[in-house]
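# Analysis of the macromolecular model
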Amino acid sequence: MSAALDATTVSFSVSVLTATRGNASKRLVPDAHGRPIKDPTHSLSIAAGYIEHVELAGLTGFRDLLQRITQQQALVHGIPKGSKPGDILVLTTTERYTGAPRTITRTLNHIDYPPGMRLIMCDYDPAPEAPETMASAGELVARLTGIWPAFAAAGWLATTSTSSAIRDTQTGDWLKPPEGMHVYVLATGDVTRWRELAPVRLWLAGTGYTKFASPNRHTGVCNILER
């Protein structure tokens with residue numbers, strides 16, 4: 001993997017998915033004790049919609065795109081196979097797919113990650129059991145640079161992770177303050193290979209740990225997650 005020469009302006013492509021049936025985001029509601037739980041009537045489940053191939057001018061264009069995305073939209077790092085910038089295709093589920101023209105599913109059968117400039121996201125979601133925490137995006141990038149020196153030459157864009165915080169929409173109070181971060185970089189090369197090596201290098205650098213997931217509501221069993 002090699003870093004982008006000018007990440008602020010170099011062109012690259014992503015896709016924007018818009019849900020017309022179902023939800024592109026999850027919602028939390030209070031339980032009987034006032035604790036936030038997932039709303040069973042508003043779960044993350046996209047049944048139908050459309051997907052657009054979007055070409056962007058570097059991380060500057062990507063920043064502007066993030067500011068326009070709505071709660072019924074989601075970002076896809078790949079693009080529909082054979083598509084061109086500006087193409088809009090109908091999105092359906094695997095169960096409902098019939099092979100109709102300009103209709104695809106959100107699977108690797110129809111989504112491609114071609115060679116060239118690609119968008120990579122590093123998702124940082126701290127937890128009490130984590131071996132260390134980062135106070136700022138700059139600190140996180142410095143830590144990543146120590147593991148992958150190519151990060152030193154790459155432009156990056158940092159945002160707050162929307163899934164790492166919980167806010168009461170009625171009172172405006174933070175039930176869980178924002179802590180997580182997303183750091184985006186542009187790079188070329190074998191991104192698939194980088195994705196395979198990333199967890200290994202992170203663990204070897206001493207940042208890996210395991211945690212228990214939330215218990216399954218039917219069985220009570222907790223999965224062990226590698227982080």
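First, a word on what this report is: a plain description of the structure on this page. (Residues numbered from 1 in each chain as written. Predicted model: local features only at pLDDT ≥ 70, side-chain atom pairs only at ≥ 80, totals over all residues. Heavy atoms only, no water.)

### Observations regarding the sheet that holds strand E5 (residues 45-57)
Across the sheet, five strands lie side by side as E6-E2-E5-E8-E9; this open sheet has mixed pairing. Every other strand in the sheet has two partners, leaving strand E6 (73-76) and strand E9 (103-105) as the edge strands with one partner each. Neighbouring strand axes in the sheet, compared pairwise and without regard to direction, differ in orientation by 35° on average. Looking at chain direction, strand E8 (residues 88-92) and E9 are connected through three bridges and run parallel. Following the sheet pairing, Val 90 is matched in E9 by Thr 103. Sheet strands in contact with helix H1 (residues 58-68) are strand E2 (11-23), E5 and E6, and its direction is about 150° off that of E5. (Pairing = 2+ DSSP bridges. Helix = DSSP H or I, 4+ residues; strand = E, 2+ residues; numbered from the N terminus. Axes fitted to C-alpha atoms, helices over the stretch in contact; angles between N-to-C directions. Contact = heavy atoms within 4.5 Å.)

### So, the pattern of salt bridges
Here the structure, examined in full by the defined rule, presents three salt bridges. Note that Arg 193 is salt-bridged to Glu 196, the shortest N-O span being 3.4 Å. Of this pair, Arg 193 and Glu 196 both sit in helix H3 (residues 191-204), three residues apart, which is roughly one turn of the helix. (Salt bridge = Lys/Arg side-chain N within 4 Å of Asp/Glu carboxyl O.)

### Side note on the nonpolar core
Leu 140, Trp 148, Phe 151 and Trp 194 are the most contacted members of the largest nonpolar core, which has 18 residues in total. Those elements that place two or more of their residues in this core are strand E11 (118-124), helix H2 (137-147), strand E15 (181-188) and H3. A total of five residues in this core trace back to one element, the largest contributor, which is H2. Core analysis: the second largest hydrophobic core is formed by 14 residues, Ala 7, Val 14, Leu 157 and Tyr 184 among them. (Core = buried A, V, L, I, M, F, W, Y, C linked by side-chain atoms within 4.5 Å. Buried < 20%, exposed > 50% of the residue type's maximum accessible area, 1.4 Å probe, protein only.)

### Description of unusual backbone geometry
Positive phi values are uncommon outside glycine, yet Arg 102 reaches one of about 55°. Relative to the assigned elements, Arg 102 resides in the loop between E8 and E9. Relative accessible area serves as the criterion here: at 48%, Arg 102 is assigned to the partly exposed category.

### Regarding the pairing of E8
With five bridges joining them, E5 and E8 adopt antiparallel strand pairing. Across the sheet, residue Ile 51 finds its bridge partner in E8, namely Leu 89.

### Focus: the side chain of Ser 83
You can see Ser 83 is positioned in the loop between strand E7 (79-80) and E8. A polar contact is formed between the side chain of Ser 83 and the side chain of His 53, at a distance of 2.8 Å. The contact partners of Ser 83, leaving out residues within four places of it in the chain, are His 53 and Leu 89. (Polar contact = N/O pair within 3.5 Å; in protein donor to acceptor, adjacent residues only side chain to side chain.)

### Some remarks on the pairing of E2
As judged from the 12 bridges shared by E2 and E5, these two strands associate in the antiparallel manner. Bridging from a neighbouring strand, Ala 19 pairs with Gly 49 of E5.

### Description of the packing of aromatic side chains
Evaluation of the coordinates by the stated rule reveals three aromatic pairs. Consider the rings of Phe 62 and Tyr 184, whose centres lie 4.7 Å apart with planes at 65°: the pair is edge-to-face. One end of the pair, Phe 62, is in helix H1; the other, Tyr 184, is in strand E15, and 122 residues separate them in sequence. For the pair formed by Phe 62 and Tyr 184, the shared burial category is buried. Plain terms: the ring middles of Trp 148 and Trp 194 are 5.5 Å apart, the flat faces sit at 50° to each other, and that makes the pair tilted. With Trp 148 in the loop between H2 and strand E12 (156-160) and Trp 194 in helix H3, this pair connects stretches of sequence that are 46 residues apart. (Phe/Tyr/Trp six-rings, centres within 6.5 Å; stacked < 30°, edge-to-face > 60°.)

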